[in-house]
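Here is how the chains run, residue by residue.
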Amino acid sequence: SLDPRALRDWAASRALAVITDDEGAALRRIEHDLSFANRRASVSRPVADALSDLMRSRERAVVFCPTPALAAELAEELEAQLGAMSVFLHVSTDTSERTERAVRSFEAARTASVLVADASAEEGRNLQFADVLVHLGLPGSENRLEQCSGRCDRWSPEGSGHWRSYVVSGDP
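Residues numbered from 1 in each chain as written. Predicted model: local features only at pLDDT ≥ 70, side-chain atom pairs only at ≥ 80, totals over all residues. Heavy atoms only, no water.

### Let's talk about the overall build of the protein chain
Working step 1: Each helix and strand in the protein chain was counted, giving six helices and five strands.
Working step 2: Going residue by residue from the N terminus, the α and β elements of the protein chain occur as α-α-α-β-α-β-α-β-β-α-β.
Working step 3: For the protein chain, the residues scored as buried account for 37% of the 172 residues in total.
Working step 4: Across the protein chain, contacts joining residues at least 24 apart in sequence account for 76% of those joining residues at least 6 apart.
Working step 5: Counting only carbon and sulfur atoms, one obtains 51% of the accessible surface of the protein chain, whose full area is about 10,000 Å². (Helix = DSSP H or I, 4+ residues; strand = E, 2+ residues; numbered from the N terminus. Buried < 20%, exposed > 50% of the residue type's maximum accessible area, 1.4 Å probe, protein only. Contact = heavy atoms within 4.5 Å. Areas by Shrake-Rupley, 256 points an atom, 1.4 Å probe, with all protein chains shown as cover.)

### Regarding the pairing of strand β3 (residues 113–117)
Working step 1: Among the five residues that make up β3, five are buried, leaving the element largely enclosed by the rest of the structure.
Working step 2: Residues of β3 alternate between two faces, with Ser113, Leu115 and Ala117 on one and Val114 and Val116 on the opposite face, all of them buried.
Working step 3: Bridge count for strand β1 (residues 60–64) against β3 is five bridges, and the pairing is parallel. Across the sheet, the residue bridging to Arg60 is Ser113, located in β3.
Working step 4: Pairing of strand β2 (residues 87–90) with β3 involves four bridges; the strand directions are parallel. Bridge pairing in β3 links Val87 to Val114.
Working step 5: Handedness of the β-α-β unit built from β2, helix α5 (residues 96–108) and β3 comes out right-handed. (Pairing = 2+ DSSP bridges. Right-handed = clockwise from strand over helix to strand, strands pointing away.)

### Looking at the pattern of salt bridges
Working step 1: Scanning all chains against the criterion turns up four salt bridges.
Working step 2: Taking the shortest distance from any N to any O, the salt bridge between Glu100 and Arg104 comes out at 3.0 Å. Taken as a pair, Glu100 and Arg104 lie in helix α5 at a separation of four residues, close to a single helical turn.
Working step 3: For Glu100, a relative accessible area of 31% puts it in the partly exposed group.
Working step 4: Look at Arg104 and you get partly exposed, because its relative accessible area is 40%.
Working step 5: What you see here is one network of salt bridges that share partners, running through Glu100, Arg104 and Glu107. (Salt bridge = Lys/Arg side-chain N within 4 Å of Asp/Glu carboxyl O.)

### Concerning the side chain of Arg60
Working step 1: Residue placement: Arg60 occurs in strand β1.
Working step 2: For Arg60, which is buried and forms no salt bridge, the nearest opposite charge comes from Asp131, at a distance of 4.6 Å.
Working step 3: A polar contact of 2.5 Å, which involves the side chain of Arg60, links it to the backbone oxygen of Glu107.
Working step 4: Not counting residues within four places of it along the chain, the set of residues in contact with Arg60 comprises Met55, Phe106, Glu107, Ala108, Ala109, Arg110, Thr111, Ser113, Phe129, Ala130, Asp131 and Val132. (Lys, Arg positive; Asp, Glu negative; His and termini not counted. Polar contact = N/O pair within 3.5 Å; in protein donor to acceptor, adjacent residues only side chain to side chain.)

### Things to note about the environment of Ser13
Working step 1: Here Ser13 is to be found in helix α1 (residues 4–15).
Working step 2: Among the residues examined, Ser13 registers a relative accessible area of 44% and is labelled partly exposed.
Working step 3: For the pair Ser13 and Leu27, spaced 14 residues apart in sequence, the C-alpha separation works out to 9.3 Å.

Read these as spatial facts, not as claims about activity.
Take a look at the structure:
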């Protein structure tokens, strides 16, 4: 099997040799792409572990991820811990019917549950019934951060609930 670290190291050392500009750019891209090869072990699994420990029995959490791929990966890790009936996915690569069904199922959940989303859920969604908001990495602009937070911080006739917000930062 291919060892991503060995290939990344080879690409890094090869990029230092006398090569064409195009080959150097390609090797740097390989090196960069492979730095994410163990993202599941270094990002998705630890975040899923921490989130499952953080949540109380009837809480609902929304997790905003920077990409659909990371959102899907995190959803898989959370399903392994919380069960498939407690994890819902809202990503731009799904149909609008599927994302709508995910939000409605998440809203109806009466046990601990998580909606994992990418940027496609940043606008036009009312998620004020969530108890926990997690940003997996900071969005590229403060406006996007405000959009994500605004999904949970909505006015409701029942009053504004108490919710917690977390930012998980680093180099995913």
